[in-house]
Amino acid sequence: MRLTRRAFLRISARTAAALAAAPSIVSFAKQTGAAPEPATTNSREPLRQFDYSQVQLTTGPFAEQYNALHAHYLALDDDRLLKVYRQRAGLPAPGRDMGGWYDLNGFVPGHSLGQYISGLARFGASTGNTAAHDKVHTLVEGFAATLGPQNQSILRPDTNLWICYTLDKHLVGLVDAATLSNVSSAPDLLNRVLSGAQALLPAHGRDRIGKKDPPYDETFVMPENLFLAAGLTNNPQFTDLAHRYLLDRELFDPLARGDDPFPGQHAYSHAIALSSAARAYLVLGDPKYKSALEHAFTLLTTTQQFASGGWGPNETFITPHRGELHASLSTTVDHFETPCGSYAATKLARYLVRITAAPTSTQYADNLERVLFNAILAVRPPDSDGDYPYYSTYSADATRVFYSKKWPCCSGTLAQTVADYPLNIYLESHDGLYVNLYTPSRLRFAYFGHPVELEQETSFPASDTIALTLHSAPASAFTLYLRIPSWTTQSASLTINGKPLAIPAHPGAFAAIRRTWRSGDRIALTLPQTFRTEPIDDQNPTTVALMRGPLQYVALNPPNDFGNARLPLPSGLKQIAPQAFVEDYSGRQIVFVPLHQVGNQAYTSYFTTA
């Protein structure tokens, strides 16, 4: 029987620490053919993700991007991906060179193979696509054949300065290969890879200073996957390294005290390090890590963030209250390292949702929604030869471009971020189900052994209404929690089977519907969307982004002098289509559309209000 992701995570946590347990909703075991067994609830993780296999995207913009990228990564040539590994091992190495970062003499040779394996395993787990799982098996077997008697893989001290960075990708690829694609050799390969890398690993963790100053290598991004590898292998060496590489003194301790260690730091690596704090909290139970995550989220979303949910112009966290976000609009076009940054931001938000008991606020889920719609969904699709999106630009008259070098870091995180879309939509608690994101999808789970299916149908945010239909046999009583976003300024409305439902549905909270659900019960939720503006920072309140619901709207093909215009936003906007509006400017109609709908046009993201 395949070891499910959820089962593995439970085993992983128990391996590292004795965790409290109690009956709750049980995981749906249809994919294994096993009878459902009661899941355990962890007091550190009161809300839990469903397995990839339990959630499928059906239609809508997320599904379109998901399906396109699933096909894109499935089509990557195996020999090309493995070529640099085979060259290092002295084996026959057919296939064309990859080029860019990835090649034998590239910036980080072979760096993203583990991420491609991880993304493919995640795509396969949700879709059930055997071709994705077969590709995972082929790539893992090809990788294993290059290890040799010293288990060295691609890692060589004389030619690769990114030992920890690359090893971290190997770990996540092998963990996902084992738990999602049933690669039985993967746990042993984890031990072999660690053994071959041991002589190259620093004894203690170290910080990365800035974007370009050495040391580049990032020990502090590794603990999350080291803890996961420990749970899968029972190898205490992984746990030992995870403890030694936690960035406590420089990052987590200051955050837990309420300080701000971000200014001047390399943005992505320190944001993704927060996932290691989250895993440390789940495994070790030290509350300082939870406090660090909560304060980090507050800092990122109130002092560092553009309206898109992105941060880190020139890959560096700014110093708050100096107008540096505003200044970046005229000093750089590299405003957000989007696939990598979105991976860090969405993981942080999901972890915080999961470790917050009976959440009374939707703040974490709201920001997750913001990043999904305006950052990762808005990237330029990759081509077939290593050109990938990297930076998003928020200055005037911007365009979507590829990174200058092929196969950059964002080629790996793009796969993982999009493959994780199913994890963002629903979560389970001891008493019911949370609907976290509104997008067409299907969920199958079980409540105390009773199969339940939830179908979500919507064109949101093109429309305001979401329909949820439940099928349960027999009838089941549990609470359905619906997110009422904080951006909603008008009252949300709810009906069940066409009849109005009078329950609290306040902006920024979850509406709780407790009842006995019968097959065919249909809930309709209406979330009125209105325009609003958001200042870029506290020093420049008249430079604003235009928002409607969760979406950032931008001006398409603006005239040359548009950046100096003072506009009466949003009062002058007129709707011409469900997601297209116009504003009169000097006798010309300026068109505004959601950022994620921009194609090859020029666009402007920030405006000066009248």
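Residues numbered from 1 in each chain as written. Predicted model: local features only at pLDDT ≥ 70, side-chain atom pairs only at ≥ 80, totals over all residues. Heavy atoms only, no water.

(A) How the structure looks around the overall build of the protein. Assigned secondary structure in the protein consists of 16 helices and 23 strands. Scaling as 2.2 N^0.38, a compact globule of 610 residues should have a C-alpha radius of gyration of about 25 Å, and the protein matches this with 24 Å. Taken over the C-alpha atoms alone, the protein extends approximately 70 × 60 × 45 Å along its principal axes. Within the protein, the fraction of its 610 residues that count as buried is 62%. Once local pairs closer than 6 in sequence are excluded, the contacts in the protein between residues at least 24 apart make up 70%. (Helix = DSSP H or I, 4+ residues; strand = E, 2+ residues; numbered from the N terminus. Rg over C-alpha atoms; globule rule 2.2 N^0.38 Å. Buried < 20%, exposed > 50% of the residue type's maximum accessible area, 1.4 Å probe, protein only. Contact = heavy atoms within 4.5 Å.)

(B) Main features of the pairing of strand 16 (residues 543–548). Most of strand 16 is tucked away, with six of its six residues classed as buried. Residues Thr-543, Ala-545 and Met-547 of strand 16 are buried on one face, and the alternating residues Val-544, Leu-546 and Arg-548, pointing to the opposite face, are buried as well. Across two bridges, strand 16 lies against strand 23 (residues 607–609) in antiparallel orientation. Counterpart to Val-544 in the pairing with strand 23 is Phe-607. Two successive antiparallel strands, strand 16 and strand 17 (residues 551–556), enclose a turn made up of two residues, where Gly-549 displays a positive phi of approximately 60°. (Pairing = 2+ DSSP bridges.)

(C) The arrangement of the side chain of Asp-431 in detail. Examined against the element boundaries, Asp-431 turns out to sit in the loop between strand 5 (426–428) and strand 6 (432–435). Among buried Asp, Glu, Lys and Arg side chains, Asp-431 stands out as unpaired, with Arg-514 the closest opposite charge at 5.8 Å. A polar contact of 2.5 Å, which involves the side chain of Asp-431, links it to the side chain of Tyr-481. Setting aside residues no more than four positions away along its own chain, Asp-431 makes contact with Tyr-447, Phe-478, Thr-479, Tyr-481 and Arg-514. (Lys, Arg positive; Asp, Glu negative; His and termini not counted. Salt bridge = Lys/Arg side-chain N within 4 Å of Asp/Glu carboxyl O. Polar contact = N/O pair within 3.5 Å; in protein donor to acceptor, adjacent residues only side chain to side chain.)

(D) Just the environment of Asn-225, in detail. Considering the arrangement of structural elements, one finds Asn-225 in helix 8 (residues 223–233). By relative accessible area, Asn-225 is classed as buried at 7%. Not counting residues up to four positions away in its chain, the partners in contact with Asn-225 are Asp-168, Leu-171 and Val-172.

(E) How the structure looks around the environment of Leu-201. Mapped onto the elements, Leu-201 comes out in the loop between helix 7 (186–197) and helix 8. Remark: the alpha-carbon pair of Leu-201 and Ala-131, spanning 70 residues in sequence, is separated by 35 Å. The contact partners of Leu-201, leaving out residues within four places of it in the chain, are Ile-163, Cys-164, Leu-167, Leu-194, Leu-241 and Tyr-245.

(F) Representation of the sheet that holds strand 2 (residues 55–57) in the model. One open sheet holds the seven strands; their spatial order is 2-7-8-9-14-11-12, and the pairing between them is antiparallel. Both outer strands of the open sheet, strand 2 and strand 12 (499–500), are each paired with one neighbouring strand and no more. Note: strand 11 (residues 493–496) against strand 12, two bridges, orientation antiparallel. Directly across from Ile-496, in strand 12, lies its bridge partner Lys-499.

(G) Spatial organisation of the packing of helix 10 (residues 248–256) against helix 12 (residues 287–304). Between helix 10 and helix 12, the least distance of the axes is 7 Å, while the angle of their chain directions is 80°. The pairing of helix 10 with helix 12 is recorded here as roughly perpendicular in orientation. In contact with Asp-248, Phe-252, Asp-253, Leu-255 and Ala-256 of helix 10, helix 12 contributes Lys-288, Tyr-289, Ser-291, Ala-292, His-295, Ala-296 and Leu-299. Split by residue class, the contact of helix 10 with helix 12 holds seven nonpolar, two polar and three charged. (Axes fitted to C-alpha atoms, helices over the stretch in contact; angles between N-to-C directions. Parallel < 35°, antiparallel > 145°, perpendicular 65-115°, else oblique. Nonpolar A, V, L, I, M, F, W, Y, C, P; charged D, E, K, R; others polar.)

(H) Highlighting the sheet that holds strand 1 (residues 48–49). On the basis of which strands lie adjacent, the open sheet formed by five strands has the order 1-5-6-10-13 and mixed pairing. Two strands close off the open sheet at either side, each with one partner strand: strand 1 and strand 13 (509–517). As paired elements, strand 1 and strand 5 share two bridges and run antiparallel to each other. Across the sheet, the residue bridging to Gln-49 is Leu-427, located in strand 5.

(I) Fine view of the confidence of the model for the protein. Averaged over the protein, the pLDDT score is 92; the fraction of residues at 70 or greater is 92%. Under a pLDDT of 50 for its full length, residues 15–40 has, in the predicted model, 71 contacts with residues more than four places off or in other chains. (pLDDT = per-residue confidence, 0-100.)

(J) Geometry of helix 14 (residues 338–354). If you check helix 14, its first and last C-alpha atoms are 24 Å apart, about what 17 residues at 1.5 Å a residue would give, namely 24 Å. For helix 14, the buried fraction is high: 17 of the 17 residues fall into the buried class. (Expected span 1.5 Å × (residues − 1).)

(K) Helix 12, seen in detail. Between its terminal C-alpha atoms helix 12 stretches 25 Å, which fits the 26 Å expected from 18 residues at 1.5 Å a residue. Within the span of helix 12, buried status applies to Tyr-289, Ala-292, Leu-293, His-295, Ala-296, Phe-297, Leu-299, Leu-300, Thr-303 and Gln-304. Buried residues belonging to helix 12 abut helix 10, helix 11 (267–284), helix 13 (324–331), helix 14 and helix 15 (363–374). The opening residue of helix 12, the one whose side-chain oxygen lies 3.0 Å from the backbone nitrogen of Lys-288, is Asp-286.

(L) Summary view of the packing of aromatic side chains. All chains considered together, the criterion is met by 37 aromatic pairs. Relative to Tyr-421, the ring of Phe-62 has its centre 5.1 Å away and its plane inclined at 70°; by these criteria the two rings are edge-to-face. Here Tyr-421 lies in the loop between helix 16 (410–419) and strand 5 and Phe-62 lies in helix 2 (residues 60–74), a separation of 359 residues in the sequence. Looking at Phe-62, the relative accessible area reads 2%, which means it is buried. Ring plane angle 90° and centroid distance 4.7 Å describe the contact between Phe-531 and Phe-581, whose orientation is recorded as edge-to-face. Placement of Phe-531 in strand 15 (residues 531–535) and of Phe-581 in strand 20 (residues 580–585) is noted, with a sequence separation of 50 residues between them. (Phe/Tyr/Trp six-rings, centres within 6.5 Å; stacked < 30°, edge-to-face > 60°.)

(M) The arrangement of the nonpolar core in detail. Ranked by size, the top nonpolar core spans 193 residues in total, and within it Tyr-73, Phe-252, Leu-482, Ile-523 and Phe-592 carry the most contacts. Here the element with the most residues in this core is helix 11; it accounts for 12 residues. Non-local contacts of Tyr-73, meaning those with residues more than four positions away in its chain, are made with Tyr-116, Leu-120, Phe-123, Lys-135, Tyr-388, Ser-411, Leu-414 and Ala-415. (Core = buried A, V, L, I, M, F, W, Y, C linked by side-chain atoms within 4.5 Å.)

(N) Focus on unusual backbone geometry. Of the consecutive residues Phe-460 and Pro-461, the connecting peptide bond is found in the cis state with omega at 5°. The phi dihedral of Glu-315 falls on the positive side, at around 60°, and the residue is not glycine. Within the secondary structure, Glu-315 sits in the loop between helix 12 and helix 13.

(O) Layout of the pattern of salt bridges. Enumeration over the complete set of coordinates arrives at 28 salt bridges. Among the ionic pairs, Glu-224 bridges to Lys-347, the shortest N-O distance being 2.9 Å. Remark: Lys-347 occurs in helix 14 and Glu-224 occurs in helix 8; sequence separation between them is 123 residues. The class for Glu-224 is buried, based on a relative accessible area of 8%. A salt bridge links Arg-350 to Asp-420; the nearest nitrogen and oxygen atoms lie 3.3 Å apart. Placement of the pair is Arg-350 in helix 14 and Asp-420 in the loop between helix 16 and strand 5, with a sequence separation of 70 residues. Residues joined in a network through salt bridges with shared partners are Arg-80, Arg-96, Asp-385, Asp-387 and Lys-406.

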